[in-house]
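Here is what each chain is made of, one letter per residue.
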Amino acid sequence: MLRGSKLTLLLGTLITSTAPYFLPLALPGFIMIAASRKAFSPNLKDSIYTPSFQRLTAWSLLVLALLEGITGFGAGPQTSTLISDLTLGLLNRGNSLQFHILLIGPLTFFFILHSASGLGSMLLRRGVKNTLIYEFVIPTIMITLYAIAIYMYVLLL
């Protein structure tokens with residue numbers, strides 16, 4: 001299901017998500033995201049603009065959002081004991097807070113990727129044929145938004 005270009009895109013995301021903890025990884029991660037150019041081609045059946053890719057990002061968002069919610073409750077002063085008991089002590093208040101902050105990067109990226117995928121597929125359905133929009137404008141906006149999010153994420157730490 002995931003082939004070369006999309007796998008490079010997702011791997012670049014994971015690498016960039018670690019940038020707040022090890023800043024030199026930000027540049028290689030962004031280069032990997034930009035290098036996955038074939039993933040943004042509207043003419044390929046394996047692009048990010050397909051319904052199957054939108055489903056994949058939607059399910060990923062659901063899982064990440066649920067984990068973000070559980071770890072958020074686990075980091076809270078009133079609810080941390082409940083989550084700690086339910087997870088048999090695995091998600092104590094400290095671990096929950098660390099996981100909660102760590103999940104911000106991937107959650108942000110999948111939200112931006114899902115939005116970009118939806119925008120591209122909407123433009124395709126409306127008959128917009130200009131490949132410059134799909135291969136340059138949408139990826140540039142996506143990478144810029146993700147870079148801003150990672151910058152704000154670094155400020156959080």
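Residues numbered from 1 in each chain as written. Predicted model: local features only at pLDDT ≥ 70, side-chain atom pairs only at ≥ 80, totals over all residues. Heavy atoms only, no water.

Remarks on the overall build of the chain
From N to C terminus, the chain includes 7 helices and 0 strands. Each helix (α) and strand (β) of the chain, taken in turn from the N terminus, gives the series α-α-α-α-α-α-α. Expressed along its principal axes, the backbone C-alpha trace of the chain runs to roughly 55 × 30 × 25 Å. Within the chain, the fraction of its 157 residues that count as buried is 38%. Contacts in the chain between residues at least 24 apart in sequence constitute 68% of all its contacts with a sequence separation of at least 6. Total accessible area computed for the chain in this model is approximately 9,100 Å², and 73% of it derives from carbon and sulfur atoms. (Helix = DSSP H or I, 4+ residues; strand = E, 2+ residues; numbered from the N terminus. Buried < 20%, exposed > 50% of the residue type's maximum accessible area, 1.4 Å probe, protein only. Contact = heavy atoms within 4.5 Å. Areas by Shrake-Rupley, 256 points an atom, 1.4 Å probe, with all protein chains shown as cover.)

Focus on the confidence of the model for the chain
Counting all residues, the mean pLDDT for the chain is 82, and 90% of those residues have values of 70 or more. Element-level mean pLDDT values for the chain span from 72 in helix α1 (residues 4–17) up to 91 in helix α3 (residues 51–75). (pLDDT = per-residue confidence, 0-100.)

Quick notes on the nonpolar core
One broad rule of soluble globular proteins: the nonpolar side chains tend to lie buried together. Leu 9, Ile 48, Phe 109, Leu 113 and Met 142 are the most contacted members of the largest nonpolar core, which has 26 residues in total. For this core, the secondary-structure elements that each account for two or more residues are α1, α2 (26–35), α3, α6 (104–125) and α7 (131–156). (Core = buried A, V, L, I, M, F, W, Y, C linked by side-chain atoms within 4.5 Å.)

Some words on the environment of Ala 116
By the element assignment, Ala 116 lies in helix α6. Overall, Ala 116 belongs to the buried group, its relative accessible area being 8%. On a C-alpha basis, the gap between Ala 116 and Pro 51 in space is 12 Å, while along the polypeptide they are 65 residues apart. Excluding residues within four positions of it along the chain, Ala 116 makes contact with Tyr 49, Ile 138 and Met 142.

Section: the side chain of Thr 57
If you trace the backbone, Thr 57 turns up in helix α3. Among the residues examined, Thr 57 registers a relative accessible area of 0% and is labelled buried. Side chain to side chain, Thr 57 and His 114 meet in a polar contact 2.6 Å long. Those residues in contact with Thr 57 that lie beyond four places of it in its chain are Phe 110, Leu 113 and His 114. (Polar contact = N/O pair within 3.5 Å; in protein donor to acceptor, adjacent residues only side chain to side chain.)

What about the packing of α3 against α6?
At a minimum axis separation of 9 Å, α3 and α6 run at an interaxial angle of 150°. By the angle between their axes, α3 is roughly antiparallel relative to α6. In terms of crossing hand, the pair formed by α3 and α6 is left-handed. Together, Phe 53, Gln 54, Thr 57, Ala 58, Ser 60, Leu 61, Leu 64, Ala 65 and Glu 68 of α3 and Ile 104, Pro 106, Leu 107, Phe 110, Phe 111, Leu 113, His 114, Ser 117, Gly 118 and Ser 121 of α6 make up the contact between the two elements. (Axes fitted to C-alpha atoms, helices over the stretch in contact; angles between N-to-C directions. Parallel < 35°, antiparallel > 145°, perpendicular 65-115°, else oblique. Left-handed = near helix turned anticlockwise from the far one by under 90°.)

As for a nonpolar patch on the surface
Together, Leu 132, Phe 136, Val 137, Ile 141, Leu 145, Ile 148, Tyr 151, Met 152 and Leu 155 make up an exposed nonpolar region whose accessible area comes to about 930 Å². Note on placement: Phe 136 falls in helix α7. A relative accessible area of 52% places Phe 136 in the exposed class. (Patch = residues over 30% accessible without salt bridge, like charges linked within 9 Å, V, L, I, M, F, W, Y side chains within 5 Å. Salt bridge = Lys/Arg side-chain N within 4 Å of Asp/Glu carboxyl O.)

Quick look at the packing of helix α5 (residues 93–102) against α6
Relative to each other, α5 and α6 sit at 30°, their axes nearing to 4 Å. By the angle between their axes, α5 is roughly parallel relative to α6. Residues His 100, Ile 101 and Leu 102 of α5 form the contact with α6, whose participating residues are Ile 104, Gly 105 and Pro 106. Residues belonging to the contact of α5 with α6 are distributed by class as follows: 4 nonpolar, 2 polar and no charged. (Nonpolar A, V, L, I, M, F, W, Y, C, P; charged D, E, K, R; others polar.)

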